[in-house]
Each structure stands twice: as structure tokens, then as C-alpha cells.
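# Topology and contacts: notes
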Amino acid sequence: MLAKNILNFCTKIKNFLLIIFAFVFPISLAAANILLGILTFCWILEGNWKFKFKKIKNNKLIWIIYLIPFILGVSTLLSSSSTNGFLVSSGYKNEYQFIFKHFLWLNTLFLILITSEVDTKKLLSSFLLGMFFSEVVSYLIFFHLIDINFFKNLGLLSRGVKYYDPSPFMNHTFYSLFLAVSILIILDNLKNFKGLFKILAIIFLISATINLFINGGRTGQIAFVIGTIIYIVFYYKKFIYFLVSIFLISGIFFMAFNFSPVFKSRVQYTFNDMNALIKNHNYSNSWGARVGLNIIGFYVLFDNPKNFLLGLGAGDAKLKYNQYANKNYKDIFKDFKDKIHLHNQYLQLWVDGGILAVLMILLYFYFLYKYAPIPLTLAVIIIFAFSCIADVMLYRPKPYILFLFISAVLVKLYSSTYRETSNTGLDKK
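Residues numbered from 1 in each chain as written. Predicted model: local features only at pLDDT ≥ 70, side-chain atom pairs only at ≥ 80, totals over all residues. Heavy atoms only, no water.

Counted under the stated rule, the structure contains two salt bridges. As a salt-bridge pair, Glu-46 and Lys-14 come within 2.9 Å of each other at their nearest N and O atoms. Taken as a pair, Glu-46 in the loop between α2 (29–45) and α3 (49–57) and Lys-14 in helix α1 (residues 2–24) lie far apart in primary sequence, 32 residues in all. By relative accessible area, which is 8% here, Glu-46 ends up buried. Overall, the relative accessible area of 2% leaves Lys-14 in the buried class. Glu-46 is the salt-bridge partner of Lys-52, the closest N and O atoms lying 3.2 Å from each other. On the accessibility criterion, Lys-52 (1% relative accessible area) is buried. Taken together, the salt bridges that share partners define one network made up of Lys-14, Glu-46 and Lys-52. (Salt bridge = Lys/Arg side-chain N within 4 Å of Asp/Glu carboxyl O. Helix = DSSP H or I, 4+ residues; strand = E, 2+ residues; numbered from the N terminus. Buried < 20%, exposed > 50% of the residue type's maximum accessible area, 1.4 Å probe, protein only.)

Attention now moves to the state of the cysteines. All chains considered together, the criterion is met by zero disulfides. Summary of cysteine pairing: Cys-10 is not part of a disulfide, and the nearest cysteine sulfur, belonging to Cys-42, is at 5.2 Å. For Cys-10, a relative accessible area of 7% corresponds to the buried category. Residue classification places Cys-42 among the buried positions, given a relative accessible area of 8%. (Disulfide = S-S within 2.5 Å.)

Bringing unusual backbone geometry into the picture now. Within the chain, Asn-48 stands out as a residue other than glycine whose phi angle is a positive 60°. Examined against the element boundaries, Asn-48 turns out to sit in the loop between α2 and α3. By relative accessible area, Asn-48 is classed as partly exposed at 49%. The phi angle at His-343 is positive, at roughly 55°, despite the residue not being glycine. Tracing the sequence through the fold places His-343 in the loop between α16 (330–333) and α17 (345–353).

Turning our attention to the side chain of Glu-46. Reaching out from Glu-46, the side chain makes a polar contact with the side chain of Lys-52 at a distance of 3.2 Å. Filtering out sequence-adjacent residues up to four positions away, Glu-46 remains in contact with Leu-7, Cys-10, Thr-11, Lys-14 and Lys-52. (Polar contact = N/O pair within 3.5 Å; in protein donor to acceptor, adjacent residues only side chain to side chain. Contact = heavy atoms within 4.5 Å.)

Inspection of the secondary structure assignment puts Val-161 in the loop between α7 (148–153) and α8 (172–189). In the structure, Val-161 is positioned eleven residues away from His-172 in sequence and 8.0 Å away in space, judged by C-alpha atoms. Discounting chain neighbours no more than four positions away, the residues touching Val-161 are Ile-141, Ile-148, Lys-152, Pro-166, Ser-167 and Pro-168.

A separate point is the nonpolar core. Phe-127 and Tyr-321 are the most contacted members of the largest nonpolar core, which has 118 residues in total. Ranked by residue count, the leading element in this core is helix α20 (residues 397–414), at 13 residues. Sequence-distant contacts of Tyr-321, defined by excluding residues within four places in its chain, comprise Gly-292, Leu-293, Ile-296, Gly-297, Val-300, Leu-312, Phe-333, Phe-336 and Leu-342. Residues Val-137, Ile-141, Ile-146 and Phe-169 belong to the second largest nonpolar core, which totals eight residues. (Core = buried A, V, L, I, M, F, W, Y, C linked by side-chain atoms within 4.5 Å.)

What follows concerns the packing of aromatic side chains. Overall, the coordinates contain 30 aromatic pairs when judged by the stated rule. Between Phe-103 and Tyr-400, the aromatic rings sit 5.3 Å apart at their centres with planes inclined by 75°, giving edge-to-face as the arrangement. You can see Phe-103 sitting in helix α5 (residues 95–114) and its partner Tyr-400 sitting in helix α20, a full 297 residues away along the chain. Assessed through its relative accessible area of 2%, Phe-103 is described here as buried. Between Phe-298 and Trp-350, the ring centres sit 6.2 Å apart and the planes meet at 90°, which makes this aromatic pair edge-to-face. On the criterion of sequence distance, the pair formed by Phe-298 in helix α13 (residues 286–301) and Trp-350 in helix α17 is long-range, its members being 52 residues apart. Through a chain of ring-to-ring contacts, the aromatic side chains of Phe-103, Tyr-364, Phe-365, Phe-384, Tyr-395, Tyr-400 and Phe-403 assemble into a single cluster. In this structure, Lys-52 is placed above the aromatic ring of Trp-49, and the distance from its NZ or CZ to the ring centre is 4.4 Å. (Phe/Tyr/Trp six-rings, centres within 6.5 Å; stacked < 30°, edge-to-face > 60°. Lys NZ or Arg CZ within 6 Å of the ring centre and 35° of its normal.)

The end-to-end C-alpha separation of helix α4 (residues 60–78) is 26 Å, in line with the 27 Å expected for 19 residues at 1.5 Å each. At Leu-67, α4 is bent by approximately 25°, the largest bend along its length, and proline Pro-69 sits one to four residues beyond. What α4 keeps buried is the set Leu-61, Ile-62, Ile-64, Ile-65, Ile-68, Pro-69, Ile-71, Leu-72, Gly-73, Ser-75 and Thr-76. N-cap assignment for α4: the residue whose side-chain oxygen lies 3.0 Å from the backbone N of Leu-61 is Asn-59. (Expected span 1.5 Å × (residues − 1). Bend = angle between axes of the 7 residues up to and from the residue.)

Next comes the structure, spelled out in C-alpha cells:
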């Protein structure tokens, strides 16, 4: 009896901490890691393995996220020398440290969420509350109401935060991704709110959209546009709504360009970068470097069948890429040889682990939509799929946690196999 009470207590603590985790991870990666450690401990202690294995057994998403580090590890072992450090191209010094501390460690979150009967409505609400807190801080920074240097010195704000680019707790590229996903979640659930809560939801929706465009994350801004159009078209399934979505997005862009200095400057920088690339073959700017990295990356992969099938070996990827680029494309490579990764998740996975590593991500997107075939899922997939073209999102802890979190939530809400038994408004959708 005592043992059963202890197990029940562990379950209650775990479910409570999951709610806290949803609030915390958009704000503090350190706190999220501590919470994940406690969550894992409680998850193991609570037992109920028959139920857990049943939930896990047929979930193809789980198999995919664990196959990725396995494929990367095999690629490393098959490379000519795997002692140079695993995924140096992504800034990691030790191969096993990266595997265990990133993929295998963070994947635990997905396992815990899928096998826990936690109220998903509360999870989403907690996440949105965390994003709201982040927004408040962002606006405080934007309007110069707090001293950012003071809080940066305390380690409470992102090192890259600026008054004109107020992404408070992470890089602006990642923050724009978080905002884009949050906006779509609010938009999809707007009809579930009543009275005052609906008014607050609309205010949050508007403030989040404004916040997206006063920050400098072009990736999330473009992903938001594409994702929103896809969502509206597939939700209403009429061509007229496609035109409406284009009109609304155009209005948002017009207002952002005229009222957001950072958005206007980023748009101008983008056109200047593209113009410099096309006319002067300048690969030293942001967009030029991405194009150059991708061009050489594809040449490396198609140089021989082994590279195409198995990649360069994750531990050797950066070294071999640099050697190949310096030998064959020295004039281009000199403009971006200091880049630590390829700024393209698909290409980075291919270079690190071969064609199978890339296929795993595509399969993940496919099965995620198969488990939760709704417009919101498709829009979220589009947002992540596009973002992975611009950066190595899955190699970054915060975007990867968001990727796992929102995937698990969608599966639990809309898959009959994994939906929890709790009766919430969102579960009935």
C-alpha cells in the first residue's frame, strides 16, 4: 500500500512538473534541463511499464528520433577517423557528449509526454503563458523600460538581445520560430475561448504578431507567413480564403515595414545581400554565405557514392568539408570559412550521417501529420520544415525541445491511439 502511494505521488509530481516545464523551456534552458532530470527520475519511479510500452511500441515518431543519433553514430564509426570530435560543424567538441546530451537526452521529453496522462490543455496554456511572459519582457526591452546590460550580466537575458532587436531569452531566429508556433496555436483555439478569455486571446494574438515583426528573426517571419496561409487554406478549403490570407499577410508586412525599424532594415539587408550575391558573387554576407555553404555541400555529397549514402562521418564532417572546399572552391570558401555549420538542417544531416539521416526527418513530418491530420499540424510542419532550410534547428536545444513538445501535444490531442483520458475542451476538438 505504501509503495503504491509513493508511485502515485511520483505520478502527481511528474504531471505537475510537466506543466511547469511547458512554462519554463521558452525562458530558461538551464531550468528546463534540471526539470527534465527530475521528470525522468519520477517517470522511472512511477513504473506502469506495461502501459508505457503499449504507448511507445507503435509510435513511429519515437523510433525515428532515436534512429537519428544511431545513424549519426554509425556514420562516425564508418568514417576514416572519428576522433576529431562529433559534429564539430555544429560547435560540439565530443561525439558522445553530443549524442547523449542532445538527442538521447532531450528525446526523453517526448517519451514522458506520450506516456503521461497529463492535461494537454494545461500544457498548452502553460506554454503560452511562458511565451506571454517572454513577450512582456521583450516589450519592456523594446521601449527601454529595463536595463538590458544589467540583466545580461546576471545571465537572465540572451547575450545577443538589443533594444532594437528585443529577443529576450534566445537567439532572434529561434524566438521568431517560437512566436510563429504560438500564434498558430492561439489562432487554432480561438473559437474555444469565451467572453473575457476570448478578448485576452485576441490581444495576445495581436501582440505576438507585432512582437514577431519588431524582432529580427527573418526565418520565423517567413515561416509564419507560409504556415498561416497553409493553415487558413486547409482549414476553410476555399480559394477565397487563400486570397483573404494573402491580403491579411500583405497588410501585416506593409505595417511592419513602415512601423518596425528592425523589420525594415532586415528586409533591406536581405535585398542588398541577394543583389550582392547575384551581381558581384559576394558570399560574405548572411544570404550569400548560406548559398555558398549549400553549393559546396551538394558538391561534396555528389562527389562520390559513399558521401551520398553515408555522409562524411559526423566526427569528420567539418574537417572534410573544409578540406574539399579549400581545394576546389577556394575563391568562394574564403568568404565564409569561419562558419561552424551549414545553416541548413537537411544538408547538415546529410553531410553528417548520409541520406538516411535526412529521410528520417521527412518520415517524421509524414507520420506526425498521419497521427494528427489537421490544418494546425500541417502548418506547424511547414514552419519547422522551412526553418530547417535556414538553420540547423534540430541541433539547437530550444528549437528541438519545441519540436518535440508540440509534436507530442498534437499527437496526444488528435490521435485516437495516444489521446489521454482527461476531458478537456481541446481534447474534444
